[in-house]
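Structural overview
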Protein chains: 2
Amino acid sequence: MAQDYRLTAILKIHIHNVASVFLMIDYKLLEALATVIECGGFERAGVALGLSQSAVSQRLRTLEIRLGQPVLIRSPIIKATPAGQRLLNHVQQVQLLERDLAGSIPALSEPTARLRIALNADSLATWWATAIGEFCAEEALLLDMVIEDQDIGLRRMREGDVAACLCSSPQPIAGARCVPVGTMTYLPLATPAYVQRYFSSGFNADNFESAPAIVFGPNDQLQHRFLAQCGYHGPVPHHLCPSSEGFVKLALAGMGYGMIPQAQVQQELDTGQLVNIAPSQSLEVRLYWHFWRHGGGVMDRLTTAIQSASPLNR
Amino acid sequence: MAQDYRLTAILKIHIHNVASVFLMIDYKLLEALATVIECGGFERAGVALGLSQSAVSQRLRTLEIRLGQPVLIRSPIIKATPAGQRLLNHVQQVQLLERDLAGSIPALSEPTARLRIALNADSLATWWATAIGEFCAEEALLLDMVIEDQDIGLRRMREGDVAACLCSSPQPIAGARCVPVGTMTYLPLATPAYVQRYFSSGFNADNFESAPAIVFGPNDQLQHRFLAQCGYHGPVPHHLCPSSEGFVKLALAGMGYGMIPQAQVQQELDTGQLVNIAPSQSLEVRLYWHFWRHGGGVMDRLTTAIQSASPLNR
């Protein structure tokens, strides 16, 4: 939010050069930015806003001149710069507040609300849609979901890049609230043939050194924690696979072992296609929902929905 | 590759200041970089290389001084800079060539090979592991998979960031080969309840304007192509969901309609959980495998494996 205020200040000064009056941002410019991103182009944004393409371009140029920096990368694909992304996040939060207002002043038409949320890939691939689907449909709430490592999403929230974050940190950041959502259980899994090939002589350093693992990203904390639990600290040959479903497919194809959410592969565990390579080992990851205090009623109701509908153990 | 040669040139000049002799890169430095990334830390890399942590740090510092730029971002998580990534890609390609050499000179121990590959999320979530799993296990080949939009992976290959790319472009880039892999069929799918709610009056602009879609990223070409086929060019309310499995879950939860690979949801189509919102509409995406000509025998055999084992229609 600090970043948003800095941008707000810059916009104000550029608009009128008077710092003593509280002048608001020119939301027509921000609306143009949000629409270009939403529609994926200037022409379609013009249709949506009832403006010519060149009028939309002009609004974007004005915004960039006032800010003194680009808000949009135009080629090869249209996307927001980091500053543009913070403005978009601000627009989304203002739109959430406008919805509350429309609820109490029916003459105002209810705007569509968008919310940018960082969450971990495994939640998105498993329980997330079930928990929030009905709520989003009922409230006509649209989500921009961003996949982040469990430990990195919060930084994006602090930078004003997302309005809420589902991650494993229990520490609320300044100005935000944090509630527990539940626990995901991870098991170290592979095919029986894989276990036979690489771990038939048990768990020792030699085996870990030669058995290929599957890890989600270069800093997969689950893999490190599992190896530490096994007392192993050496190098591990591994595939990198930044996709939850791809991860399961690689394990099923016998390419490696990996830490997989139990709930994602209950069927494969029941049929014996995947087995725990270290039956006594599992990892629990507690998840927390972080959101800005001033997100308005929609954010409060979304939080309640997540807490009550999440199938995770609390 | 051009980028790699530029870096090579810089390294040579810094090492000896003699441009007329062809001096090779100091591979001990690159090996230290690759091991730090692979192990996710300096201490573990030291164990793997039989060096102290400070010796590993020193090698990285030497590399950065010679290059005149950082190769590693150290905080909050360790990852390669763009220049570091190009060096890693070069090391991987050299290791592939070393494997071929080890095949003809048995006295050389066979090194582990890593290959960095860009591919589309939907391939990774569906047929990819089945096609290459056995080959990777047999050849002890490790993969770094990077998910990219079908139309962006090639750029990363051109920049020397990946050694191969699975994408929808049939145009080979200079120095590389390109072979067809097959076709993925996408259908516009949603739950029956969703269709009833938003499209019961048929396909018209009003419906598209209010029915939430699910798109993979801000420039989802499939969504744009589908709407263009329907003759609609206006704005579309949408969720952004950069996860193949999450995408299917959102559709199943009734949050929107989206273009989903038929093969990924055959079961849900058979049971009627998902239906085609526009039964006459589908999109075919042809996929091509791009790889550097000089990848050695492993790359040739991997290419054969992908072509022969891919379950896609050709």
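It should be emphasised that the depicted structure is a prediction, and the values quoted were computed from it without experimental measurement.

**With respect to the overall build of chain A**
Within chain A, the regular secondary structure consists of 14 helices and eleven strands. Counting the 314 residues in chain A, one finds 56% classified as buried. Partitioning the contacts of chain A with sequence separation of at least 6, the portion at a separation of at least 24 is 71%.

**Things to note about the pattern of salt bridges**
It is possible for side chains bearing opposite charge to pair when their charged atoms get close. Scanning the model with the defined rule gives nine salt bridges over all chains in all. Across the salt bridge formed by A:Arg74 and A:Glu64, the nearest N and O atoms sit 3.3 Å from each other. Residue A:Arg74 is found in the loop between strand S1 (72–73) and strand S2 (79–80), and its partner A:Glu64 is found in helix H4 (residues 53–67); the two are separated by ten residues along the sequence. Ionic pairing is found between B:Lys28 and B:Glu31, a salt bridge with its closest N-O pair at 4.0 Å. Of the two residues, B:Lys28 and B:Glu31 both sit in helix H2 (residues 27–39), three residues apart, roughly one turn of that helix. The partly exposed category is assigned to B:Lys28, whose relative accessible area is 47%.

**Quick look at the environment of A:Gly231**
As for its placement among the helices and strands, A:Gly231 is situated in the loop between helix H11 (221–229) and strand S8 (238–240). In the structure, A:Gly231 is positioned 26 residues away from A:Ala205 in sequence and 8.9 Å away in space, judged by C-alpha atoms.

**Let's talk about the nonpolar core**
What tends to happen in soluble globular proteins is that the nonpolar side chains get buried as a cluster. Counting 75 residues, the largest nonpolar core has A:Trp127, A:Trp128, A:Leu141, A:Leu143, A:Tyr257, A:Trp289 and A:Leu302 as the members making the most contacts within it. If we ignore the near neighbours within four places in the chain, the residues touching A:Leu141 are A:Leu96, A:Ala113, A:Leu115, A:Phe135, A:Cys136, A:Val298, A:Leu302 and B:His239. Listed in part, the 73 residues of the second largest apolar core include A:Leu187, A:Met255, B:Met184 and B:Ala211.

**Brief notes about helix H7 (residues 128–139) of chain A**
Residue and element names in this part refer to chain A. For H7, built from twelve residues, the straight-helix expectation of 16 Å at 1.5 Å per residue is met to within 8% by its first-to-last C-alpha distance of 17 Å. Along H7, nine of the twelve residues are buried, which leaves the element largely enclosed by surrounding structure. Of all the residues in H7, the buried ones are Trp 128, Ala 129, Ala 131, Ile 132, Gly 133, Phe 135, Cys 136, Ala 137 and Glu 139.

**Considering the interface of chain B and chain A**
With 52 residues of chain B at the contact, the number on the chain A side is 51 residues. Carbon and sulfur atoms supply 62% of the area that chain B and chain A bury against each other, a total of about 4,300 Å² over both sides. There are zero salt bridges connecting chain B and chain A. Listed by contribution, the elements that provide at least two residues to the side of chain B that touches chain A are H2, helix H3 (42–49), helix H6 (121–125), helix H7 (128–139), strand S4 (141–147), helix H9 (192–199), strand S8 (238–240) and helix H12 (244–252) of chain B. Split into classes, the residues belonging to the side of chain B that touches chain A amount to 30 nonpolar, 14 polar and eight charged.

**Description of the packing of H7(B) against helix H14 (residues 296–309) of chain B**
All names here are of chain B. For the pair H7 and H14, the least separation of the axes is 9 Å and the interaxial angle reads 145°. As H7 runs across H14, the sense of the crossing is right-handed. For the pair H7 and H14, contact is made by Trp 128, Ala 131, Ile 132, Phe 135 and Glu 139 and by Val 298, Arg 301, Leu 302, Ala 305, Ile 306 and Ala 309, respectively. Its residues placed into classes, the contact of H7 with H14 shows nine nonpolar, no polar and two charged.

**A short note on the confidence of the model for chain A**
On average, chain A scores 84 in pLDDT, and the residues at 70 or more come to 88%. Below pLDDT 50 for its whole length, residues 1–21 of chain A participates in 34 contacts with residues either more than four positions away or in separate chains.

**Some remarks on the relation of the copies chain B and chain A**
When chain B is fitted to chain A, the residual RMSD is 0.0 Å, and the transformation amounts to a turn of 180° plus an axial shift of 0.0 Å. Here the copies are linked by what is in effect a two-fold axis. Of the C-alpha atoms belonging to chain B, the one lying closest to the rotation axis is found on B:Glu245, 3.0 Å away. Both copies share a contact surface, since 98% of the interface residues of chain B are interface residues in chain A too.

**Some remarks on the environment of A:Leu287**
In this fold, A:Leu287 is placed in strand S11 (residues 283–292). Since its relative accessible area comes to 0%, A:Leu287 is described here as buried.

**Topic: the pairing of strand S5 (residues 164–167) of chain A**
Each regular strand displays side chains that alternate between the two surfaces of the sheet. All names here are of chain A. Side chains Ala 164 and Leu 166 of S5 all project onto a buried face; the interleaved residues Cys 165 and Cys 167 project onto the opposite face, where all are buried too. As judged from the four bridges shared by S5 and S11, these two strands associate in the antiparallel manner. Of the residues in S11, the one forming a bridge with Cys 167 is Tyr 288.

**Focus on the packing of helix H3 (residues 42–49) of chain A against H4(A)**
Residue and element names in this part refer to chain A. Orientation of H3 relative to H4, taken along the N-to-C sense of each, is 100°, at an axis distance of 8 Å. Taken together, the axes of H3 and H4 lie roughly perpendicular to each other. The segment H3 lies against H4, with Phe 42, Glu 43, Ala 45, Gly 46 and Leu 49 engaging Gln 53, Val 56, Ser 57 and Leu 60. Broken down by class, the residue content of the contact of H3 with H4 amounts to five nonpolar, three polar and one charged.

**A short note on the pairing of strand S3 (residues 113–119) of chain B**
All names here are of chain B. Of all seven residues in S3, seven are buried; the element is thus mostly enclosed. The alternating pattern of S3 places Ala 113, Leu 115, Ile 117 and Leu 119 on one face and Arg 114, Arg 116 and Ala 118 on the opposite face, and all of these are buried. In this structure, S3 lies alongside strand S5 (residues 164–167), joined through two bridges in parallel fashion. Paired with Ile 117 across the bridge in S5 is Ala 164.

**Concerning the environment of A:Ser310**
Residue and element names in this part refer to chain A. In this fold, Ser 310 is placed in the segment after helix H14 (296–309). Placed 179 residues apart in sequence, Ser 310 and Ala 131 show a C-alpha to C-alpha distance of 5.1 Å. Excluding residues within four positions of it along the chain, Ser 310 makes contact with Trp 127, Ala 131, Val 181 and Ala 305. Here the side chain of Ser 310 touches Val 181 through a polar contact of 3.4 Å, landing on its backbone oxygen.

**Side note on unusual backbone geometry**
Backbone phi values are negative for most residues with the exception of glycine, while trans is the configuration of most peptide bonds. Non-glycine residue A:Ala140 carries a positive phi angle of around 50°. Tracing the sequence through the fold places A:Ala140 in the loop between H7 and strand S4 (141–147).

**Things to note about the packing of aromatic side chains**
Overall, the coordinates contain 22 aromatic pairs over all chains when judged by the stated rule. Geometrically, the ring pair formed by A:Trp128 and A:Trp289 is tilted, given 6.0 Å between the ring centres and 40° between the ring planes. With A:Trp128 in helix H7 and A:Trp289 in strand S11, this pair connects stretches of sequence that are 161 residues apart. A single burial state applies to A:Trp128 and to A:Trp289, both of which are buried. With centroids separated by 5.5 Å and ring planes inclined at 65°, the aromatic side chains of B:Phe199 and B:Phe208 adopt a geometry described as edge-to-face. Neither residue differs from the other here; B:Phe199 and B:Phe208 are each classed as buried. Members of the aromatic cluster, each reached through a chain of ring pairs, are A:Tyr194, A:Tyr198, A:Phe199, A:Phe208, A:Phe226, A:Tyr232 and A:Tyr257.

Conventions and cut-offs
- Residues numbered from 1 in each chain as written.
- Chains lettered and ligands numbered in written order.
- Predicted model: local features only at pLDDT ≥ 70, side-chain atom pairs only at ≥ 80, totals over all residues.
- Heavy atoms only, no water.
- Helix = DSSP H or I, 4+ residues; strand = E, 2+ residues; numbered from the N terminus.
- Buried < 20%, exposed > 50% of the residue type's maximum accessible area, 1.4 Å probe, protein only.
- Contact = heavy atoms within 4.5 Å.
- Salt bridge = Lys/Arg side-chain N within 4 Å of Asp/Glu carboxyl O.
- Core = buried A, V, L, I, M, F, W, Y, C linked by side-chain atoms within 4.5 Å.
- Expected span 1.5 Å × (residues − 1).
- Buried area = accessible area lost by both parts, 1.4 Å probe.
- Nonpolar A, V, L, I, M, F, W, Y, C, P; charged D, E, K, R; others polar.
- Axes fitted to C-alpha atoms, helices over the stretch in contact; angles between N-to-C directions.
- Left-handed = near helix turned anticlockwise from the far one by under 90°.
- pLDDT = per-residue confidence, 0-100.
- Least-squares fit on C-alpha atoms with pLDDT ≥ 70 in both.
- Pairing = 2+ DSSP bridges.
- Parallel < 35°, antiparallel > 145°, perpendicular 65-115°, else oblique.
- Polar contact = N/O pair within 3.5 Å; in protein donor to acceptor, adjacent residues only side chain to side chain.
- Phe/Tyr/Trp six-rings, centres within 6.5 Å; stacked < 30°, edge-to-face > 60°.

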